[in-house]
Amino acid sequence: MMFQTLNDLLEHIKQVELETITLSQEAQLKISNFIERNKLELDDEAAEALQYQDIVSQQLSATIEAIETVQKTLKVYAHNFSEDEKIADSSIAILRKKLDGVLETAKSKKEAFSGHVKSGSDEHEIEFF
Amino acid sequence: MNFLNTFLAKVKLIKEMLHIRLTTEVSAFNVRKEYKMGNPMVMFIDDSETALASTRMTVSSMPIESKQYLEAQQCLADVKAGVVPDLIITDLNMPVMNGLELLKALRELPATKRTPVLMLTTETKDELKQQGKALGLTGWIVKPFNPTQLKSAITRVLRLPA
């Protein structure tokens, strides 16, 4: 029962995130189309701000991936729990390990998908090899 | 009579062969004319439509022809079909084929063996930059990019008049 509630809550968060991605993308594309259609010139600051939607989408997509992994893991555990308590005991250790792994992956993706926004610095990175 | 028939058949065959050859050459010339005789062609690859819109707006005032792709495989298919870019700017994290996989595939094709490729990504990991460098990557640009700096990077790589 508890697992079902937990799963429903995760599903709800996932759906809200998916809708946020879709809405922000639609809004962004409408603004971009308006700018292009009217041949408006943006300064660097505004043009850079327009790119934040892409970063927000990537961040949310990474958390959706994490939620889906947790949902799968919970499903396996819930199944074992209903089958046999002994199996459930050993499964909880596996569940914990798995969830720790999901958290680590999610954190590293947050880092990877932030670009130079995370540093709060105005310095831009262009490197030639 | 038999000799005449054979002769006519041979003439027809030669005529058909010539027609095929001429058609191929004309279409090859059109491709060259389209991409080599006008402005330099830059291919942008990103699985995000909004990211492509940002790059499109940024380069709209530049003397380049821009071609945009939401999938790396589509860009690769175009290159294989004879579309030869002068510069490729690609995202790294994309489903199915990522930027590094695309770079590797491009380096295996004679047409893009030495074409400059810039990675435009949110990733900043040194390990990934080194992987790109080993595959012959030209440069690494971190998102969100500064439009003036992206334009000057393109100008520099394509050696356009400043």
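Below is a summary of the structure that appears in this document. Here the structure is a predicted model, which means the values were calculated and not measured.

Focus: the interface of chain A and chain B
Each side of the interface is counted separately: chain A has 29 residues, and chain B has 27 residues. Those elements that place two or more of their residues in the side of chain A that touches chain B are helix H1 (2-37), helix H2 (44-49), helix H3 (52-83) and strand E1 (126-128) of chain A. With 3 bridges joining them, E1(A) and strand E5 (residues 139-142) of chain B adopt antiparallel strand pairing. Paired with A:Phe128 across the two strands is B:Gly139, which belongs to E5(B).

Regarding the sheet that holds strand E3 (residues 87-90) of chain B
The 6 strands are arranged E1(A)-E5(B)-E4(B)-E3(B)-E1(B)-E2(B) in an open sheet whose pairing can be described as mixed. Looking at strand neighbours, the two that pair on one side only are E1 of chain A together with strand E2 (65-69) of chain B, the edges of this open sheet. With strand direction ignored, the average angle separating the axes of adjacent strands in the sheet is 15 degrees. Bridge count for strand E1 (residues 41-45) of chain B against E2(B) is 5 bridges, and the pairing is parallel. For B:Ile45, the partnering residue across the bridge sits in E2(B) and is B:Tyr69.

Some thoughts on helix H3 (residues 72-80) of chain B
Residue and element names in this part refer to chain B. Of all the positions in H3, only Ala72, Cys75 and Val79 are classed as buried. End-on view of H3: buried residues confined to an arc of 60 degrees, all on one side of the axis. In this structure, H3 carries Ala77 and Lys80 as exposed residues pointing more than 90 degrees from its buried face. In the core, the buried residues of H3 are packed alongside E1, E2, E3 and helix H4 (99-107). Gly82 lies just past H3 and shows a positive phi near 110 degrees.

Procedures and definitions
Residues numbered from 1 in each chain as written. Chains lettered and ligands numbered in written order. Predicted model: local features only at pLDDT ≥ 70, side-chain atom pairs only at ≥ 80, totals over all residues. Contact = placed C-beta atoms within 7 Å. Helix = DSSP H or I, 4+ residues; strand = E, 2+ residues; numbered from the N terminus. Pairing = 2+ DSSP bridges. Axes fitted to C-alpha atoms, helices over the stretch in contact; angles between N-to-C directions. Buried ≥ 20, exposed ≤ 12 C-beta atoms within 10 Å, placed from the backbone. Arc of directions from axis to C-beta.

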